[in-house]
Amino acid sequence: KVLILDFGSQYTQLIARRVRELNIYSEIHPFNKIPVDLDSYKAVILSGSPFSVRSDNALHSDLSNIRGQKPLLAVCYGAQYLAHFSGGEVAESNTREYGRANLSFIQEKDLFFENIHTGSQVWMSHSDTIKQLPTNGVLLASTHDVENAAYKIEGEATYAIQFHPEVYHSADGRQLLQNFLVKIARVKQDWTPQSFIEETVENLKNKIGDDKVVLGLSGGVDSSVAAMLLNKAIGKNLYCIFVNNGLLRKNEFEDVLHQYQGMGLNVKGVDASARFLDALDGESDPETKRKIIGRVFIEVFDDEAHRIEDVKWLAQGTIYPDVIESVSATGGPSATIKSHHNVGGLPDFMKLKVVEPLKSLFKDEVRRVGASMNMDPLLLGRHPFPGPGLAIRILGDLTREKVRILQEVDAIFINNLKSWNLYDKVWQAGAILLPVNSVGVMGDERTYEKCVALRAVESTDGMTADWVNLPYEFLQKTSNEIINKVKGVNRVVYDISSKPPATIEWE
Ligand code: XMP
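Since we're looking at a predicted model, the values are computed, not measured.

Student: What am I meant to see in helix α1 (residues 12-21) here?
Tutor: Side chains three or four residues apart in an α-helix point the same way, a direct result of the helix having 3.6 residues per turn. All of the buried residues in α1 are Thr12, Ile15, Ala16, Val19 and Arg20. Seen along its axis, α1 keeps its buried residues to an arc of 130°; they face one direction. In this structure, the buried side of α1 is in contact with β1 (2-6), β2 (26-30), β3 (43-46), α3 (173-184), α9 (320-323) and α10 (363-372). Within two residues after α1, asparagine 23 carries a phi angle of roughly 65°, on the positive side.

Student: Honestly, the domain arrangement of the protein in this entry has me stumped. Any pointers?
Tutor: Interface size is commonly expressed as the accessible surface area that is lost when the partners come together. Assigned domains within the protein: domain 1 (2-184), domain 2 (193-380) and domain 3 (399-494). Between domain 2 and domain 3, the C-alpha centre-to-centre distance is 29 Å. The partner domain 3 presents 11 residues to the 10 residues of domain 2 that form the contact. Summed over both sides, the interface of domain 2 with domain 3 buries roughly 820 Å², with 47% coming from carbon and sulfur. For the domain 2 face of the interface with domain 3, the top three residues by lost area are Arg249, Lys250 and Leu277, together amounting to 57%. Taken together, domain 2 and domain 3 are joined by 3 salt bridges. One salt bridge in this structure joins glutamate 408 and lysine 250, with 3.1 Å as the shortest N-O distance. Applying the counting rule to domain 2 against domain 3 returns 5 residue pairs in polar contact (both at pLDDT 80 or more). Its residues assigned to classes, the side of domain 2 that touches domain 3 comprises 4 nonpolar, 1 polar and 5 charged.

Student: How do you make sense of the nonpolar core when you look at a structure like this?
Tutor: Within soluble globular proteins, side chains that are nonpolar generally end up buried alongside one another. Of all hydrophobic cores here, the largest spans 49 residues; its most connected members are Val214, Val409, Leu417, Leu470 and Ile482. Broken down by element, the residue count for this core peaks at 8 residues, all from helix α12 (residues 400-419). Split by domain, the residues of this core number at least three in each of domain 2 (193-380) and domain 3 (399-494). The contact partners of isoleucine 482, leaving out residues within four places of it in the chain, are Val409, Ile412, Val452, Leu454, Val489 and Val492. One finds Val201, Trp313, Ile319 and Val366 within the second-largest nonpolar core, a separate group that totals 42 residues.

Student: Where do I start with the pairing of strand β10 (residues 212-217) in this structure?
Tutor: Look at any regular strand and the pattern is simple: side chains alternate between the two faces of the sheet. Where β10 meets strand β13 (residues 311-315), 4 bridges bridge the pair, whose relative direction is parallel. Paired with valine 214 across the two strands is leucine 314, which belongs to β13. For β10 and strand β11 (residues 238-244), the ladder comprises 5 bridges, and the chain directions are parallel. Within β11, the residue paired with valine 214 across the bridge is tyrosine 239.

Student: Would you mind going over the pattern of salt bridges with me for this structure?
Tutor: Pairing between side chains of opposite charge can happen when their charged atoms approach one another. The full count for this structure, using the stated rule, is 28 salt bridges. Note that arginine 455 is salt-bridged to aspartate 495, the shortest N-O span being 3.1 Å. Here arginine 455 is found in strand β18 (residues 445-458), whereas its partner aspartate 495 is found in the segment after β20 (489-494), with 40 residues between them in sequence. Per residue, the accessibility class of arginine 455 equals that of aspartate 495, and both read buried. Connected through shared salt-bridge partners, Arg275, Arg295, Glu299 and Asp303 make up one network.

Student: Looking at this structure, how should I read the site of the ligand?
Tutor: Taken together, 14 residues sit near the ligand, with Arg290, Gln428, Lys499, Ile504 and Glu505 positioned nearest. In the environment of the ligand, an oxygen atom lies 2.7 Å from a nitrogen or oxygen atom belonging to the side chain of lysine 499. Here glutamate 505 contributes a side-chain N or O atom positioned 2.5 Å from an oxygen atom of the ligand. In isolation the ligand has 500 Å² of accessible area, and contact with the protein removes 88% of it. Across the shell around the ligand, the residue classes break down as 5 nonpolar, 6 polar and 3 charged. Each of domain 2 (193-380) and domain 3 (399-494) gives at least three residues to the shell around the ligand.

Student: Before we go on, may I ask you to explain unusual backbone geometry in this structure?
Tutor: Among all residues save glycine, negative phi is the norm, and among peptide bonds the norm is trans. The omega torsion across lysine 499 and proline 500 is -15°, close enough to zero to call that bond cis. In this structure, proline 500 sits in the segment after β20. Omega for the bond connecting proline 500 with proline 501 falls within 30 degrees of zero, at 5°, which places this linkage in the cis form. Looking at where proline 501 falls in the secondary structure, it is placed in the segment after β20. Of note in the backbone geometry, asparagine 115 takes a positive phi value of approximately 65° without being a glycine. Relative to the helices and strands, asparagine 115 resides in the loop between β5 (89-106) and β6 (121-132). Even without being glycine, asparagine 251 reaches a positive phi, approximately 60°.

Student: Explain the sheet that holds β13 to me, please; I cannot follow it from the model alone.
Tutor: Consider a sheet: its strands pair through backbone hydrogen bonds, and that pairing is either parallel or antiparallel. Taking strand neighbours across the sheet as the criterion, the 5 strands line up as β12-β11-β10-β13-β16 in an open arrangement whose pairing is parallel. Of all the strands in the sheet, just β12 (267-271) and β16 (353-355) have a single pairing partner and so form its edges. On average, adjacent strands in this sheet sit at an angle of 30° to one another, irrespective of strand direction. The sheet strands contacting helix α8 (residues 286-306) are β10, β11, β12 and β13, and the helix crosses β11 at an angle near 145°.

Student: What is the right way to look at the packing of aromatic side chains in this model?
Tutor: The relation between two aromatic rings is expressed through the spacing of the ring centres and the mutual angle of the planes. According to the stated counting rule, one finds 17 aromatic pairs in the structure shown. Seen from their ring centres, phenylalanine 7 and tyrosine 81 are 6.0 Å apart, and the 40° between their planes marks the pair as tilted. Of this pair, phenylalanine 7 sits in the loop between β1 and α1 while tyrosine 81 sits in helix α2 (residues 77-84); the two residues are 74 residues apart in sequence, bridging distant segments of the chain. In this structure phenylalanine 7 comes out as buried when scored by relative accessible area, which is 0%. Residue classification places tyrosine 81 among the buried residues on the basis of a relative accessible area of 7%. Aromatic ring contacts, followed pair by pair, group Phe7, Phe31, Tyr77, Tyr81 and Phe85 into a single cluster. Its end group placed over the ring of phenylalanine 362, arginine 17 keeps NZ or CZ at 5.4 Å from the ring centre. The cationic tip of lysine 418 hangs over the ring face of tyrosine 423; the distance from NZ or CZ to the ring centre is 5.0 Å.

Student: What exactly am I supposed to notice about the sheet that holds strand β8 (residues 150-153) here?
Tutor: Within the open sheet, the 9 strands sit side by side as β2-β1-β3-β4-β9-β8-β7-β5-β6. Their pairing is mixed. A single partner strand is all that each edge strand has here, and the edge strands are β2 and β6. Ignoring strand direction, the axes of neighbouring strands in this sheet form an average angle of 25°. Pairing between β8 and strand β9 (residues 158-161): 4 bridges, direction antiparallel. For lysine 152, the partnering residue across the bridge sits in β9 and is tyrosine 159. Its contacts with the sheet place α1 against β1, β2 and β3, and it is angled at close to 160° to β2. The sheet strands contacting α3 are β1, β3, β4 (72-75) and β9, and the helix crosses β3 at an angle near 150°.

Reading the values: the criteria
- Starting afresh in each chain, residues are numbered from 1 along the sequence in its written order.
- Residue-level local features of this predicted model are given only where pLDDT is at least 70; pairs of side-chain atoms are given and counted only at 80 or more, and the full residue set underlies all totals for whole chains, interfaces and linings.
- As a rule here, side-chain values cover all heavy atoms of the structure and leave hydrogens and water aside.
- Each residue gets one of three labels from its accessible area relative to the maximum for its type: buried under 20%, exposed over 50%, partly exposed in between, using a 1.4 Å probe on protein chains only.
- Secondary structure elements are defined from DSSP: runs of H or I of at least 4 residues count as helices, runs of E of at least 2 residues count as strands, and each element is numbered from the N terminus.
- Here the arc refers to the set of directions running from the helix axis out to each C-beta atom.
- Throughout, a residue-residue contact means that at least one pair of heavy atoms, one from each residue, lies within 4.5 Å.
- Residue ranges assigned to each domain were obtained from an automatic or database domain assignment.
- Here the buried area means the combined drop in accessible surface, using a 1.4 Å probe, for two parts upon being joined, counting both sides.
- The salt bridge criterion pairs a side-chain nitrogen of Lys or Arg with a carboxyl oxygen of Asp or Glu, the two atoms within 4 Å.
- We call two N or O atoms a polar contact when they sit within 3.5 Å, provided that within protein one can donate a hydrogen and the other can accept it, with sequence-adjacent residues counted only if both atoms are side-chain atoms.
- Throughout this entry, Asp, Glu, Lys and Arg are counted as charged residues, while Ala, Val, Leu, Ile, Met, Phe, Trp, Tyr, Cys and Pro are counted as nonpolar. The remaining residues, Gly among them, count as polar.
- In this description, a nonpolar core means a group of buried Ala, Val, Leu, Ile, Met, Phe, Trp, Tyr and Cys residues linked to one another through side-chain atoms lying within 4.5 Å.
- We call two strands paired when DSSP finds no fewer than two bridges between them.
- A single heavy atom is enough: if one lies within 4 Å of a molecule or strand, its residue is considered near that molecule or strand.
- Each accessible area is a Shrake-Rupley estimate made with a 1.4 Å probe; only the visible protein chains count as cover when residues are assessed.
- Each axis is a line fitted through C-alpha atoms, taken for helices only over the stretch in contact, and angles between the N-to-C directions span 0 to 180 degrees.
- For this analysis, a ring pair means two rings from Phe, Tyr or Trp (six-membered ring only for Trp) whose centres lie within 6.5 Å, classed as stacked if their planes differ by under 30 degrees, edge-to-face if by over 60, and tilted for the remaining angles.
- Here, a charge over a ring is recorded when the distance from Lys NZ or Arg CZ to the ring centre is within 6 Å and its angle to the ring normal is within 35 degrees.

Spelled out as structure tokens, the structure:
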């Protein structure tokens, strides 16, 4: 495996993903928390950073057990760091160097640049520049504006590049990472979905033995793939619980439960709609709604889990972005916190031990692992759906009637996205019931009814998002169908706000 030391670059996760796309497992650790089992890492990559090596708060990493002993690739800040503190010189550049550039000189004889040729496009993003290479530095590449765009250190397997090989716009970035990792560091490319499954199932067997495990299924990709892995490892000792909180999409509880049973999972469907809806009745504050749903979920789950005699483990579908310790803007490592995403996530809950089989995977890798276990592509391709469900898409006070209206509207919107082949082009979509009535006219009657908003966004991780440019004709047909078929709605609007500054959900 490969160690990536994070100095806070916005691209650090991309480096990890690019390495994994080469079928090589990689892990991100903060620059100042070098793992103790260094032996198990075959190569090390230093990320970029928002900091300057010339400033007082430059981030320092103890490379004494790495440099000269393991193949090392330093990217951007990393490259400047090696230069600045090892006999070279870094200065502020006269022109800020951002965006596209082309390599005008390449030392093509070096293994590092094998199969990469002069003219190759690279992506720059830095305001400091390396004026002088470090001691024993050998120039490997330049662009028109940046003389020291790549160098190596004589006598070491240490390479440094000013540009970002991990971003899509560096045309030969993948080749470069492959040259470094495979040709120079000789790391094996044997990390595949299949090998992940075999290894994980083996580990789960050893860890869990004959114990019983309880897992909350949500209908989403992560909990479903986690369940399938555990099912392979321990079969009937996995007890899945799928709770209907009454805030799911139309028919979702029955459909998904049926699908889970078809997958051979030992799953119990618990219809607790009434309990949730009673607790929420008339509630309008967004955070209170979330808290009520979280609390009732735990009560229901707890009740059910207690019925399983002698259960020892709680399994969760936590994925890698939830656990990476990221380096914050102040330079200190800080944990990424997404509290609202962990409705069922309680480490000391019921004194159960926690098992998280997907903790090392990115979302797209979870999907590939699922595909490799022959899981239904429709399940794997499902849009994300918030834990509190439709409750946070009903603005204002929540009633059963409003849930029913929104379920109908949402079903029309989502089904139309599917029949127009737009569903897979959208990252997440849904309808929002607004707390306003507006005047309309149907036949000769004046109406005063509800307004709904449709929202469809493109995103990769939900952190940033943009609204999708859906065809007018699609919007026209969908709006028509909603107003004609859903009693109580006389107006449909489309949300054209990006995140930031708006969020994906309305509350
Ligand atoms: P926002 O609205 O923050 O949403 O832009 C980003 C992503 O998070 C989901 N989301 C939630 N998921 N519980 C969840 O499990 C919540 O309370 C919650 N709020 C937002 C949202 O659907 C989107 O995918």
